[in-house]
Amino acid sequence: VTEQQKNPFYERYLAPYALFLGIILSFGACCVAGYVASHRNCFTDFERFHYYINIGSLFYPTALQVRSLAKARLDPDKIVVVVGGSSILYGTGQRPEHLWTRKLQSLLGDRYQVINFAMPGAHLTEFGGAAAEILSCDYPRLIFLTDPGPACTSPDPDGLGRYQYFFWDAYSKGLLTHDQPREERLAELAVDRSNNDKFAELKTQMRLDSCLYFRDLWTTISYRRAATVWSPGVGSSFTKARQHYRDPDVNYSLPLDMRYPASDNDINVEAVRGRIQNSRKYALRPIPRHTTRDDRGSEGRYTSFLERSVKLGFPEPFRKRTLMPLTHESPYYVDQLASHEKAAYNALFPATAHVLEQAGFPTIEIGRDYPVSAFCDRGHLSEEGGARMAEELAPKIREMAQRLGYLPEGGSR
Amino acid sequence: MRMVRFLVSFLLGCLIGLLFHYVLYRMSLPVEPFIYMTF
């Protein structure tokens, strides 16, 4: 037996102790770097989580990054208005410099600070809801805005899928408040999803990340230094740090005939009809009894899916400071409905408002009398519509601030 | 020679540790991005 056969390559050139020491030290250093990064704001010139810094381009902001961003931007002595919800409140179709939240800020004045955490495709409790809950400890005078969206779907406390990661990220890191009914619902969901491998994997990842901070570190590096994740939107320049990308929303200037293309007309009218059906058959419908849980489950405690969704999504103290604008769709499509369908569509808003207000949430109907030009497509408001929404929301927010005792005695603005 | 062997092993270990941390991050991302549609 030769000397080389006795001592293979790795034994001749590598020292095992040094190798393992290097692995442990560098892995530990990465965890520490992730922890440090998560407690520092990495976002510059933040207006909203635009395409290049949201999940559309595989950029997943973490719960701690959002908290650090808010801490860097917001003054705890001011009344903080956190905007969550879907692409409608995100401002799809509005340029950053003409974004409705900027208009809202100027209307509310210096006593208030508005921050836009709405996300395309997010449902009422998703992302922004968890973000507002995280911030409520640091900002006691907080008002949260979220919209149930055109689909008026009612997800579970952790959302419907795309933004579930954010809830479990915040939950695993202990950033959410304890709410017994929500805990019970999460326990039910754990049983219902016991065969769901993706859900089990998500929870494991988030539990690991709460100790190892790998998502915080590499997301920060993607934003500040160099990105490593390819997606169709970033193409060949995928290594460019995300902080160098500008907000790409360019739909604002489309002429009316391009906002409402004839080829998509039928599908959009059907989508409006779908909203009526969905609300009647799902969101506002009584919850059927669970076949195995009988009266022990959460089903019997709530009158509708929407009520259960909002009550479990927002612990009791958050409800009275959560304002829900119920936004209409463009009259371009609503006016194409038959008269009985239009009546049903218009009746949807008071019915939804009734459920939400019974559950303790202030609501406001937006867009019933808006012209076609106030929309940039079926559901999204144009810059003109966004400005009108801000004008309608500002007095309501001031009224809420007054009612919640956020303003000094006798101060109404 | 022993020092070089230690240094090479240590640097390789550092690289593996870094890679392992990065792999955990990549595993937390979905394979396909979410494409937002208005209808």
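Reading the values: the criteria
- Residues numbered from 1 in each chain as written.
- Chains lettered and ligands numbered in written order.
- Predicted model: local features only at pLDDT ≥ 70, side-chain atom pairs only at ≥ 80, totals over all residues.
- Heavy atoms only, no water.
- Helix = DSSP H or I, 4+ residues; strand = E, 2+ residues; numbered from the N terminus.
- Rg over C-alpha atoms; globule rule 2.2 N^0.38 Å.
- Lys, Arg positive; Asp, Glu negative; His and termini not counted.
- Charge placed at Lys NZ, Arg CZ, Asp CG, Glu CD.
- Core = buried A, V, L, I, M, F, W, Y, C linked by side-chain atoms within 4.5 Å.
- Buried < 20%, exposed > 50% of the residue type's maximum accessible area, 1.4 Å probe, protein only.
- Contact = heavy atoms within 4.5 Å.
- Pairing = 2+ DSSP bridges.
- Axes fitted to C-alpha atoms, helices over the stretch in contact; angles between N-to-C directions.
- Buried area = accessible area lost by both parts, 1.4 Å probe.
- Polar contact = N/O pair within 3.5 Å; in protein donor to acceptor, adjacent residues only side chain to side chain.
- Nonpolar A, V, L, I, M, F, W, Y, C, P; charged D, E, K, R; others polar.
- Patch = residues over 30% accessible without salt bridge, like charges linked within 9 Å, V, L, I, M, F, W, Y side chains within 5 Å.
- Areas by Shrake-Rupley, 256 points an atom, 1.4 Å probe, with all protein chains shown as cover.
- Salt bridge = Lys/Arg side-chain N within 4 Å of Asp/Glu carboxyl O.
- Arc of directions from axis to C-beta.
- Parallel < 35°, antiparallel > 145°, perpendicular 65-115°, else oblique.
- Left-handed = near helix turned anticlockwise from the far one by under 90°.
- pLDDT = per-residue confidence, 0-100.
- Phe/Tyr/Trp six-rings, centres within 6.5 Å; stacked < 30°, edge-to-face > 60°.
- Lys NZ or Arg CZ within 6 Å of the ring centre and 35° of its normal.

## Quick notes on the overall build of chain A
Across its full length, chain A carries 18 helices and 5 strands. Rg of the C-alpha trace for chain A: 24 Å, near the compact-globule value of 22 Å for 413 residues, within the 12% margin. With 50 positive and 48 negative side-chain charges, chain A shows a spacing of 3 Å between the two charge centroids.

## Looking at the nonpolar core
Ranked by internal contacts, the top residues of the largest apolar core, which has 112 residues, are F49, L104, F117, L393 and I397 of chain A. Ignoring anything within four residues of it in the chain, the contact list for F117 of chain A reads F46, F49, V66, L69, A70, V82, V83, G84, F127, G128, A131 and L135 of chain A.

## Some thoughts on the sheet that holds strand β3 (residues 142-145) of chain A
Residues and elements named next belong to chain A. Taken together, 5 strands build an open sheet; the order of strands is β2-β1-β3-β4-β5 and the sheet is parallel. Two strands in the sheet have a free side with no partner beyond their single neighbour: β2 (112-116) and β5 (363-366). Ignoring strand direction, the axes of neighbouring strands in this sheet form an average angle of 20°. Examined bridge by bridge, strand β1 (residues 79-83) and β3 share 4 bridges and lie parallel to one another. Among the inter-strand pairings, V80 is bridged to a residue of β3, identified as L142.

## Section: the interface of chain B and chain A
When the parts of a complex come together, some accessible area is lost, and that lost area is often used as the size of the interface. Listed as interface residues are 28 residues of chain B and, on the opposing side, 45 residues of chain A. Between chain B and chain A, the buried area comes to about 3200 Å², and carbon and sulfur atoms account for 72% of it. Across the chain B-chain A interface, the total number found is 10 residue pairs in polar contact (both at pLDDT 80 or more). Each residue belonging to the side of chain B that touches chain A can be placed in one class, and the counts come to 19 nonpolar, 6 polar and 3 charged.

## As for a nonpolar patch on the surface
Residues F9, Y10 and Y13 of chain A together with M1 of chain B make up a contiguous nonpolar surface patch of about 520 Å² in total accessible area. Secondary-structure assignment places Y10 of chain A in helix α2 (residues 9-13).

## A word on helix α6 (residues 100-108) of chain A
All names here are of chain A. Within α6, the full set of buried residues consists of W100, T101, L104 and L108. Viewed end-on, α6 has its buried residues packed into an arc of 95°, placing them on one side of the element. On its buried face, α6 is in contact with β1, α5 (87-90), β2, β3 and α18 (383-403). Positioned one or two residues after α6, G109 has a phi angle of 90°, which is positive.

## A look at the packing of helix α13 (residues 265-283) of chain A against helix α17 (residues 339-358) of chain A
All names here are of chain A. Running from amino to carboxyl end, α13 crosses α17 at an angle of 55°, the nearest separation of the two axes being 10 Å. On the basis of their axis angle, the class for α13 and α17 is oblique. Of the two possible hands of crossing, α13 and α17 adopt the one that is left-handed. Note on element contacts: α17 touches α13 through E341, A344, Y345, L348 and F349, opposite V272, R273, R275, I276, S279 and R280. Of the residues belonging to the contact of α13 with α17, the class tally is 6 nonpolar, 1 polar and 4 charged.

## Structural notes on the pattern of salt bridges
Residues and elements named next belong to chain A. Per the counting criterion, the structure on display carries 22 salt bridges over all chains. Here R301 ties to E184 by a salt bridge, and the two come within 3.1 Å at their closest N and O atoms. Remark: E184 occurs in helix α9 (residues 180-192) and R301 occurs in the loop between α13 and α14 (305-313); sequence separation between them is 117 residues. Measuring nitrogen to oxygen at the nearest pair gives 2.6 Å for the salt bridge that ties E341 to R273. Taken together, the residues E341 in helix α17 and R273 in helix α13 connect sequence positions 68 residues apart. In this structure, a network of salt bridges that share partners links the residues D169, K173, D209, R215 and D216.

## What about α14 of chain A?
For an α-helix the count is 3.6 residues per turn, leaving residues at separations of three or four pointing the same way. Residues and elements named next belong to chain A. In terms of burial, α14 is a largely internal element, 9 of the 9 residues being buried. Of the positions making up α14, those classed as buried are F305, L306, E307, R308, S309, V310, K311, L312 and G313. Where α14 is buried, its residues contact α7 (128-135), α9, α13, α15 (316-319), β4 (322-327) and α17.

## Brief notes about the side chain of N265 of chain A
The topology assignment puts N265 of chain A in helix α13. Sequence-distant contacts of N265 of chain A, that is, excluding residues within four places in its chain, are made with Y332, Y333 and Q336 of chain A.

## Focus: the confidence of the model for chain B
Residues of chain B with pLDDT of at least 70 account for 85%, and the chain-wide mean is 87. What the predictor reports for the complex is a pTM of 0.93 with an ipTM of 0.91.

## Here's the deal with the packing of aromatic side chains
The final tally for this structure, using the stated rule, is 31 aromatic pairs over all chains. Ring centres of F6 of chain B and F10 of chain B lie 6.4 Å apart, and the angle between their planes is 5°; on these two criteria the pair is classed as stacked. Taken together, the positions of F6 of chain B and F10 of chain B, both in helix α1 (residues 2-27) and 4 residues apart, correspond to about one turn of that helix. One aromatic cluster is present, formed by F43, F46, F49, F59, Y60, F117, F127, Y163, Y165, F166 and Y223 of chain A through successive ring pairs. Positioned above the aromatic ring of F199 of chain A is the side chain of R193 of chain A, whose terminal nitrogen or guanidinium carbon lies 4.5 Å from the ring centre. In this structure, K240 of chain A packs its charged tip against the face of Y245 of chain A, placed 4.5 Å from the ring centre.

## Some words on the environment of Y112 of chain A
Along the chain, the position of Y112 of chain A falls in strand β2. Along the backbone, Y112 of chain A and G313 of chain A are 201 residues apart, and their C-alpha atoms lie at a distance of 25 Å.

## What about the pairing of β4 of chain A?
Residues and elements named next belong to chain A. Counting buried positions along β4 gives 6 out of 6 residues, so the element sits mostly inside the fold. Both faces of β4 are covered, namely the face carrying T322, M324 and L326 and the face carrying L323, P325 and T327. Where β3 and β4 come together, 2 bridges link them in parallel fashion. Its bridge partner being in β4, L145 is matched across the sheet by L323. Bridge count for β4 against β5 is 4 bridges, and the pairing is parallel. In the sheet register, P325 faces β5, and the bridge partner there is I364.

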